[in-house]
Amino acid sequence: MTTYTIISPTTGKPVQELHLADIFETDVIIEKANRAFQSWRLVSPGDRATLLRRFAAIVEEHNEELAQLEVLNSGHTIGNARWEAGNVANVLNYYSAAPERLFGRQIPVPNGIDITFKEPLGVIGIIVPWNFPMPIAGWGFGPALAAGNTVVLKPAEVTPLTAIRLGELALEAGIPEGVFNVIPGKGSIVGERFVTHPAVRKIVFTGSTEVGKHIMQGCANQVKRLTLELGGKSANVIFDDADLEKAAAGAPGAVFDNAGQDCCARSRILVQRSVFDRFMELFEVAVKAFRVEDPALDTAEMGPLITAAHLARVKEYVPSDAPIAFQGSVPAGDGFWFPPTVLMPKSTEDRAYREEVFGPVVSVMAFEDEADAIRLANDSEFGLSGSIWSRDIGRAVRVSRGIEAGNLSVNSNSSVRYWTPFGGYKQSGLGRELGPDALDAFTETKNVFFDTQI
Ligand code: NAD
């Protein structure tokens, strides 16, 4: 029997021993989900909606418990963790309106009637990374269940606790056995099996670009449907006509939130040369005021990194001769802490500037004009998110149309709303989650022609 010891990122101490599923256990659960699909798809739209609303209500009732569990397991700040649990409830509520609105079309044709149906796919395999265990799971299972699919969910090895609890809460809400299944296990075993098992009809994968490419190759064997949410290296573009105070005050949160372990982290700050020095003065004050402390404190703005191994990886991006402009602080004691770090690389070839660090490290670079800003922002294999700061509305529109990324904000750093689409350009992903169209990713369109001439 394989087990995994969950370690608290805040203290470095063991929290819990957990059984990891092997391939046989995975198959048993996939087959159970496949059997449950035959009845779940037939549950009337109104009843399915009611069950999802009940699931949302129970998640809401357990918000504090789920949030505390995430602080313990993942080192998230308690403020963030409460938002994350709330996001699961919001997503369930939002998609609970879908079963009764999964409209098809009636398309004019000669000699008959033509109707389209949106039909569920079957078992959906959802593979989740460790950085936002609750919301990323919910963005998959909310719309998947609403559309009449059943779900097998694999949380990341290191952060399974909230997913396991959500599985229990689903049963308490009355979601039938076998409809929503959580399988803690290794990516190379449980995750791989989702890809190879023919009863799993779609994979929703969020994680690294490297593993995403591997999964895409595996899905090709069965032409398995696939949504990918992968890495990012997003730009925070600050023009000389921006509200510099506001841009600088928001910039630490835009990259150091969740200790930079955020696919949308604005980890490249591009500042127009004429205001570069002034921005850096304001930014330094904001970085030094950013509160890195025990994530269980209500005042915490940043906690530790997820594991000792990840801390070691992040440290490699800041060698002793790194172009450090300034750094924030970390609390004394155990745990996997790394200070907010601001770099001023000389070249766009600098590793920390080009690669996704997934830690609290940001690189700042100057640009000359609008065209230069767009060129620099797009000089990346990724295209997930980003911000544009300018008081010139025409410029803000032009630049937001020019940047190749799926989620941009103007004079704001917010990336995620459960009712608007989310996803990446280029190697940041494939397909979109959330918003009104996410149901399309969990249904097949069936076209039926009825001949009226006989
Ligand atoms: P990861 O790719 O190492 O793991 C993600 C998940 O895939 C885990 O559950 C893991 O067990 C599983 N996995 C690993 N190998 C597998 C395999 N061969 N087959 C099937 N499953 C496998 O990523 P991570 O380190 O957990 O997460 C960090 C990455 O996730 C970052 O690159 C980040 O940008 C990305 N991410 C993207 C988004 C987005 O929406 N675009 C959101 C969050 C995180």
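Being a predicted model, the structure only gives us computed values, none of them experimental.

Chemist: What exactly am I supposed to notice about the sheet that holds strand 3 (residues 106–107) here?
Modeler: By way of backbone hydrogen bonds, the strands of a sheet pair with one another, either parallel or antiparallel. Sheet architecture is open: three strands sit in the order 3-4-20, paired in antiparallel fashion. Whereas interior strands pair on both sides, the edge strands pair on one side only; in this sheet they are strand 3 and strand 20 (443–451). Two strands pair when backbone bridges link them, and strand 3 and strand 4 (residues 112–120) are joined in this way by two bridges, in the antiparallel orientation. By the bridge assignment for strand 4, glutamine 106 is matched with isoleucine 115.

Chemist: Even after reading the chapter, I still don't get helix 7 (residues 187–196), so can you show me in this structure?
Modeler: Note: α-helices contain 3.6 residues per turn, so residues at a spacing of three or four share the same orientation. Listed as buried for helix 7 are Val190, Gly191, Arg193, Phe194 and Val195. On its buried face, helix 7 sits against helix 1 (23–40), strand 5 (123–127), strand 6 (150–154), strand 8 (200–206) and helix 8 (209–220).

Chemist: I keep staring at the nonpolar core and nothing clicks. Help me out?
Modeler: Among soluble globular proteins, nonpolar side chains are generally buried collectively. Phe55, Phe141, Leu153 and Phe180 are the most contacted members of the largest nonpolar core, which has 50 residues in total. Of all the elements in the fold, those that place two or more residues in this core are helix 1, helix 2 (45–61), helix 4 (78–96), strand 5, helix 5 (133–146), strand 6, helix 6 (161–172) and strand 7 (180–182). Here the element with the most residues in this core is helix 5; it accounts for eight residues. Split by domain, the residues of this core number at least three in each of domain 1 (2–230 + 428–451) and domain 2 (235–417). With sequence-adjacent residues up to four places away left out, phenylalanine 180 is seen in contact with Phe55, Phe141, Leu145, Val151, Leu153, Leu166, Gly167, Ala170 and Ile175. Ranked by size, the runner-up nonpolar core spans 41 residues in total, among them Phe276, Leu282, Val314 and Ala352.

Chemist: Sorry, what's going on with the layout of surface pockets here?
Modeler: It is a probe the size of a water molecule, rolled over the atoms, that shows where empty space is left. Estimated volume of the largest pocket: approximately 1,100 Å³. Taken together, 42 residues line the largest pocket, and the ones lying closest to its centre are Trp130, Gly207, Ser208, Thr209 and Val211. When residues of the lining of the largest pocket are traced back to their parent elements, those giving at least two are helix 7, strand 8, helix 8 and helix 11 (308–315). When its residues are assigned to classes, the lining of the largest pocket shows 19 nonpolar, 13 polar and ten charged. Along the wall of the second largest pocket there are 19 residues; nearest its centre are Asp257, Asp262, Asn413, Ser415 and Val416. Secondary-structure elements contributing two or more residues to the lining of the second largest pocket are helix 4, helix 5 and helix 9 (244–256). For the lining of the second largest pocket, the class distribution of residues is ten nonpolar, five polar and four charged. Mapped onto the domain boundaries, the lining of the second largest pocket takes at least three residues apiece from domain 1 (2–230 + 428–451) and domain 2 (235–417).

Chemist: Would you mind going over the site of the ligand with me for this structure?
Modeler: Neighbouring residues of the ligand: 28 residues in total, closest Val128, Glu157, Ser208, Leu230 and Glu356. The backbone of valine 128 places a nitrogen or oxygen atom 2.7 Å from an oxygen atom of the ligand. At 2.9 Å from an oxygen atom of the ligand is found a side-chain nitrogen or oxygen belonging to lysine 154. In the complex, 88% of the free accessible area of the ligand, which totals 850 Å², lies under the protein chains.

Chemist: Where do I start with the pattern of salt bridges in this structure?
Modeler: A side chain with one charge may pair with a side chain of the opposite charge, provided their charged atoms come close. Enumeration over the complete set of coordinates arrives at 26 salt bridges. Glutamate 370 is the salt-bridge partner of arginine 398, the closest N and O atoms lying 2.8 Å from each other. Of the two residues, arginine 398 sits in helix 14 (residues 393–402) while glutamate 370 sits in helix 13 (residues 370–378), which places them 28 residues apart along the sequence. The class of arginine 398 is partly exposed, set by a relative accessible area of 45%. For glutamate 370, a relative accessible area of 18% corresponds to the buried category.

Chemist: How should the environment of leucine 226 be read in this particular structure?
Modeler: Within the secondary structure, leucine 226 is located in strand 9 (residues 225–229). Spatially, the C-alpha atoms of leucine 226 and alanine 441 are 8.5 Å apart, while their sequence positions differ by 215 residues. If we skip the residues at most four places from it in the chain, leucine 226 touches Lys202, Ile203, Ile215, Met216, Cys219 and Leu430.

Chemist: Looking at this model, I keep getting lost on unusual backbone geometry. Mind explaining?
Modeler: Comment: phi is negative for the bulk of residues other than glycine, and the bulk of peptide bonds are trans. Its identity as a non-glycine residue notwithstanding, valine 223 has a phi of 45 degrees, on the positive side. Structurally, valine 223 can be placed in the loop between helix 8 and strand 9.

Chemist: Help me understand helix 3 (residues 63–74), please; the structure alone is not making it clear to me.
Modeler: Given a rise of 1.5 Å per residue, twelve residues ought to cover 16 Å, and the 16 Å separating the end C-alpha atoms of helix 3 matches this to within 8%. Those residues of helix 3 not exposed but buried are Asn63, Leu66, Ala67, Glu70, Val71, Asn73 and Ser74. Contacts from the buried residues of helix 3 go to strand 1 (3–7), helix 2, helix 4, helix 5 and helix 6. Of the residues one or two after helix 3, glycine 75 is the one with positive phi, at around 70 degrees.

Chemist: Can you help me understand the packing of aromatic side chains in this one?
Modeler: Two aromatic rings, taken as a pair, are described by how far apart their centres are and by the angle between their planes. On inspection of all chains with the given rule, the structure shows twelve aromatic pairs. Pairing tyrosine 94 with tyrosine 95 gives two aromatic rings, centres 4.8 Å apart and planes at 85 degrees, and the pair type is edge-to-face. Taking relative accessible area as the criterion, tyrosine 94 reaches 26% and is therefore assigned partly exposed. Sitting over the ring of tryptophan 40, arginine 48 keeps its end group 6.0 Å from the ring centre.

Chemist: When you look at a nonpolar patch on the surface in this model, what are you seeing that I'm missing?
Modeler: Among the surface-exposed residues, Ile23, Phe24 and Ile189 lie close enough to one another that they form a single nonpolar patch of about 280 Å² accessible area. Summarising the element assignment, isoleucine 23 is placed in helix 1. Isoleucine 23 sits in the partly exposed class, given a relative accessible area of 35%.

Chemist: Could you clarify how one ought to interpret the packing of helix 4 against helix 5 in this entry?
Modeler: Helix-helix packing is described using two parameters, namely the angle between the two axes and the distance between the axes. Between helix 4 and helix 5, the shortest axis-to-axis distance is 9 Å and the interhelical angle comes to 10 degrees. By the criterion of interaxial angle, the relationship of helix 4 to helix 5 is roughly parallel. Contacts between helix 4 and helix 5 involve Ala81, Trp83, Glu84, Ala85, Asn87, Val88, Val91, Leu92 and Tyr95 on the former and, on the latter, Met134, Pro135, Gly138, Trp139, Phe141, Gly142, Pro143 and Ala146.

What counts and how
Residues numbered from 1 in each chain as written. Predicted model: local features only at pLDDT ≥ 70, side-chain atom pairs only at ≥ 80, totals over all residues. Heavy atoms only, no water. Pairing = 2+ DSSP bridges. Helix = DSSP H or I, 4+ residues; strand = E, 2+ residues; numbered from the N terminus. Buried < 20%, exposed > 50% of the residue type's maximum accessible area, 1.4 Å probe, protein only. Contact = heavy atoms within 4.5 Å. Core = buried A, V, L, I, M, F, W, Y, C linked by side-chain atoms within 4.5 Å. Domains from an automatic or database assignment. 1 Å grid on protein atoms, 1.4 Å probe; cavity = no way out; pocket = protein on both sides within 12 Å on 5 of 7 lines; lining within 4 Å. Points joined across faces, edges and corners; volume = space filled by probe spheres on them. Nonpolar A, V, L, I, M, F, W, Y, C, P; charged D, E, K, R; others polar. Near = heavy atom within 4 Å. Polar contact = N/O pair within 3.5 Å; in protein donor to acceptor, adjacent residues only side chain to side chain. Areas by Shrake-Rupley, 256 points an atom, 1.4 Å probe, with all protein chains shown as cover. Salt bridge = Lys/Arg side-chain N within 4 Å of Asp/Glu carboxyl O. Expected span 1.5 Å × (residues − 1). Phe/Tyr/Trp six-rings, centres within 6.5 Å; stacked < 30°, edge-to-face > 60°. Lys NZ or Arg CZ within 6 Å of the ring centre and 35° of its normal. Patch = residues over 30% accessible without salt bridge, like charges linked within 9 Å, V, L, I, M, F, W, Y side chains within 5 Å. Axes fitted to C-alpha atoms, helices over the stretch in contact; angles between N-to-C directions. Parallel < 35°, antiparallel > 145°, perpendicular 65-115°, else oblique.

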